[in-house]
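# Reading the structure
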Amino acid sequence: MKVSYYGHSCFGVEINGRHLLFDPFISENPLASDIDVDQIPADYILVSHGHYDHIADVKRIANRTGATVISNFEITTWLEKEGVEKVHPMNIGGQWAFDFGKVKYVNAVHSSALPDGSNGGNPGGFLIDTPQCAFYHAGDTALSMDMQLIGRQCDLCLAFLPIGDNFTMGIDDAVQASSFLKCNHVIPMHYDTFELIRIDHDEAVRKFRNAEVELKFMEIGETREI
Ligand code: NI
Ligand code: MN
């Protein structure tokens, strides 16, 4: 499995010959100005919730690649009206077997209005279960007890967790989340993009290390084999 970081909460994951892309927010992210949004591969685009910093480049990338967009019902319906052709609607707690593995749309504690004010349904995260690796992209969320359910139900090899605080979990709550999830390999997201979510990287690494969890920051543009 190959993981590429495109900034903020946007990751590309290549698994079973398919390219998954999570929460694309690239063309308007000043930290990701070196990334060419029109070169990013995608067979599936997974959108955790309706906020601009997770959905901004969905239409552009879906139109170029013909990717199927996976999100909650309200968001996929809105995207269809915006001209996105292939969508797969889900809702919280539901799972579907795609050709690369199973996807479960799980609870996130956050909000989800779409950029034009439309109802973006309930925010979520994604649990991806494949024979090689089960992993979790939390979307934007607070720490929640529901994360314990994920830890009980599957053996995660990796979790993408927000750590920027203010709008989502901060460092301390993300450490607690990794314990609830029973996952000792975390790639952080949703930090440094805006003034309100700047964090101290050394503090984050130290606090996760004290909890015996490996926190692996990725450079924007970096690709890593997991
Ligand atoms: Ni958000
Ligand atoms: Mn966000």
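Residues numbered from 1 in each chain as written. Chains lettered and ligands numbered in written order. Predicted model: local features only at pLDDT ≥ 70, side-chain atom pairs only at ≥ 80, totals over all residues. Heavy atoms only, no water.

## So, the pattern of salt bridges
Counted according to the given criterion, the structure contains 8 salt bridges. The residue D38 makes a salt bridge to R60 at a minimum N-O spacing of 2.8 Å. Taken together, the residues span a long stretch of sequence, with D38 in the loop between β3 (18–22) and β4 (44–46) and R60 in helix α2 (residues 58–65) at a distance of 22 residues. Taking relative accessible area as the criterion, D38 reaches 32% and is therefore assigned partly exposed. Between K207 and D172 there is a salt bridge, with the nearest N and O atoms lying 3.1 Å from each other. In this pair, K207 sits in helix α6 (residues 201–210) while D172 sits in helix α5 (residues 171–181), placing the two residues 35 residues apart along the sequence. Among the residues examined, K207 registers a relative accessible area of 24% and is labelled partly exposed. (Salt bridge = Lys/Arg side-chain N within 4 Å of Asp/Glu carboxyl O. Helix = DSSP H or I, 4+ residues; strand = E, 2+ residues; numbered from the N terminus. Buried < 20%, exposed > 50% of the residue type's maximum accessible area, 1.4 Å probe, protein only.)

## Considerations on a nonpolar patch on the surface
Taken together, the side chains of F167, F194 and L196 define a hydrophobic patch exposed on the protein surface, amounting to about 290 Å² of accessible area. Following the sequence through the fold, F194 ends up in the loop between β12 (185–189) and α6. The partly exposed category is assigned to F194, whose relative accessible area is 31%. (Patch = residues over 30% accessible without salt bridge, like charges linked within 9 Å, V, L, I, M, F, W, Y side chains within 5 Å. Areas by Shrake-Rupley, 256 points an atom, 1.4 Å probe, with all protein chains shown as cover.)

## Points about the coordination of the nickel ion (ligand 1)
Surrounding the nickel ion (ligand 1) are the protein donor atoms H49 (NE2), H51 (ND1), H110 (NE2) and D140 (OD), which sit 2.2 to 2.3 Å from the metal. Binding-site remark: the nickel ion (ligand 1) is held by donors from one chain whose sequence spacing is H-x1-H-x58-H-x29-D. Since its relative accessible area comes to 26%, H110 is described here as partly exposed. Using a relative accessible area of 2% as the deciding quantity, one classes D140 as buried. (Donors = N, O, S within 2.8 Å, 3.2 Å for Na, K, Ca; no water.)

## Remarks on the sheet that holds strand β8 (residues 101–107)
Strand order in the open sheet formed by 7 strands is β7-β8-β9-β10-β11-β12-β13, and the pairing between neighbours is mixed. In this open sheet, the two strands that pair with only one neighbour each are β7 (95–98) and β13 (214–215). Here 4 bridges tie strand β9 (residues 124–129) to strand β10 (residues 134–137), and the two strands are oriented antiparallel to one another. Across the sheet, the residue bridging to F126 is H137, located in β10. The sheet strands contacting α5 are β10, β11 (156–162) and β12, and the helix crosses β11 at an angle near 155 degrees. (Pairing = 2+ DSSP bridges. Contact = heavy atoms within 4.5 Å. Axes fitted to C-alpha atoms, helices over the stretch in contact; angles between N-to-C directions.)

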